[in-house]
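Coordinates in review
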Amino acid sequence: MEHFTFEQLPQALRLLHEKMNRIERLLVEQQPPQERELLLNVSQAAAFLHLSVATLYTKVSGREVPFSKRGKRLYFRKSELEEWVREGRRKTVSEIRQEAVQKAGNNGRKR
């Protein structure tokens, strides 16, 4: 353990303070986000998806959309709804053409 003189205390205190700040920053960066999963009710989920409540109920009954049920109440996780929307993405015509050109180019090559 290092001993400090009275004159060295301000410098030692400053170094200690800097090290503590660095340790605190590292600890905060390593912690997983403590964000709670946002749950939506039927009307909130319908508004989020830009659907009518009736359409959302139809999709729930057809098990087309992810949901949870407790008793008579339905709940929707916002992250699951976002993922569900992303999974439904359709390719553009130019993306389809580009894939076709790539596949046609690969089929003509000799191996």
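Since the structure is predicted, the reported quantities are computational estimates derived from the model, not experimental observations. (Residues numbered from 1 in each chain as written. Predicted model: local features only at pLDDT ≥ 70, side-chain atom pairs only at ≥ 80, totals over all residues. Heavy atoms only, no water.)

Description of the overall build of the chain
Let me state the cut-off plainly: Working definition: helices are DSSP H or I runs of at least four residues, strands are E runs of at least two. Numbering for both runs from the N terminus. The globule rule used here is 2.2 Å times the number of residues to the 0.38 power, and the radius of gyration it is set against is calculated over C-alpha atoms. Residues count as neighbours in contact if any of their non-hydrogen atoms are within 4.5 Å of one another. Areas reported as accessible are Shrake-Rupley estimates using a 1.4 Å probe. Residue values count occlusion only from the protein chains shown.
Scanning the chain for helices and strands turns up five helices and three strands. The secondary structure elements of the chain, listed N-terminal to C-terminal, are α-β-α-α-β-β-α-α. Against the 2.2 N^0.38 benchmark of 13 Å for 111 residues, the chain shows a C-alpha radius of gyration of 28 Å, more extended than a compact globule. Residue pairs at least 24 apart in sequence account for 43% of intrachain contacts in the chain once pairs closer than 6 positions are excluded. Of the accessible surface of the chain, which amounts to about 10,300 Å², a share of 54% is contributed by carbon and sulfur atoms.

Considerations on the pattern of salt bridges
Condition: In what follows, salt bridge is the name for a side-chain nitrogen of Lys or Arg lying within 4 Å of a carboxyl oxygen of Asp or Glu. Residue burial is assigned from relative accessible area. The probe radius is 1.4 Å, only protein chains are included, and a residue is buried under 20% of its type maximum, exposed over 50%, and partly exposed in between.
Evaluation of the coordinates by the stated rule reveals six salt bridges. Salt-bridge contacts for lysine 59 lead to glutamate 64; the nearest nitrogen and oxygen are separated by 3.4 Å. On the accessibility criterion, glutamate 64 (42% relative accessible area) is partly exposed.

Digging into the nonpolar core
This is how the line gets drawn: By nonpolar core we mean a set of buried residues, namely Ala, Val, Leu, Ile, Met, Phe, Trp, Tyr and Cys, connected to one another through side-chain atoms within 4.5 Å.
Ranked by size, the top nonpolar core spans eleven residues in total: Leu40, Val42, Ala45, Ala46, Leu49, Leu56, Val60, Val65, Leu74, Phe76 and Leu81. Of all the elements in the fold, those that place two or more residues in this core are α2 (42-49), α3 (53-61) and β3 (73-77). The greatest single-element share of this core, amounting to four residues, is contributed by α2.

Concerning the UniProt feature "domain: Helix-turn-helix" (unreviewed entry) in the chain
Spelled out, the test is: UniProt positions are given in the numbering used here, feature names are shortened, and annotations may be inferred rather than shown by experiment.
Annotation from UniProt places "domain: Helix-turn-helix" (unreviewed entry) at residues 39-88. Between the C-alpha atoms that bound residues 39-88 the distance is 21 Å, and the span itself is 54% helix and 20% strand.

What to know about the environment of glutamine 44
Looking at the element boundaries, glutamine 44 is found in helix α2. With 13 residues separating them in the primary sequence, glutamine 44 and tyrosine 57 have C-alpha atoms 13 Å apart.

Observations regarding the environment of glutamate 18
Within the secondary structure, glutamate 18 sits in helix α1 (residues 9-30). A relative accessible area of 32% places glutamate 18 in the partly exposed class. Between the alpha carbons of glutamate 18 and histidine 3 there is a distance of 19 Å; along the sequence they are 15 residues apart.

Observations regarding the pairing of β3
Operational definition: Two strands are said to pair when DSSP picks up at least two bridges between them.
Only one face of β3 is covered, namely the face carrying Leu74 and Phe76; the face carrying Arg73, Tyr75 and Arg77 is uncovered. Relative to β3, strand β1 (residues 39-40) is paired through two bridges, and the arrangement is antiparallel. Paired with leucine 39 across the two strands is arginine 77, which belongs to β3. Across three bridges, strand β2 (residues 68-70) lies against β3 in antiparallel orientation. Bridge pairing links lysine 69 to leucine 74 in β3. In sequence, β2 turns back onto β3 through a hairpin of two residues, with glycine 71 there showing a positive phi of about 65°.

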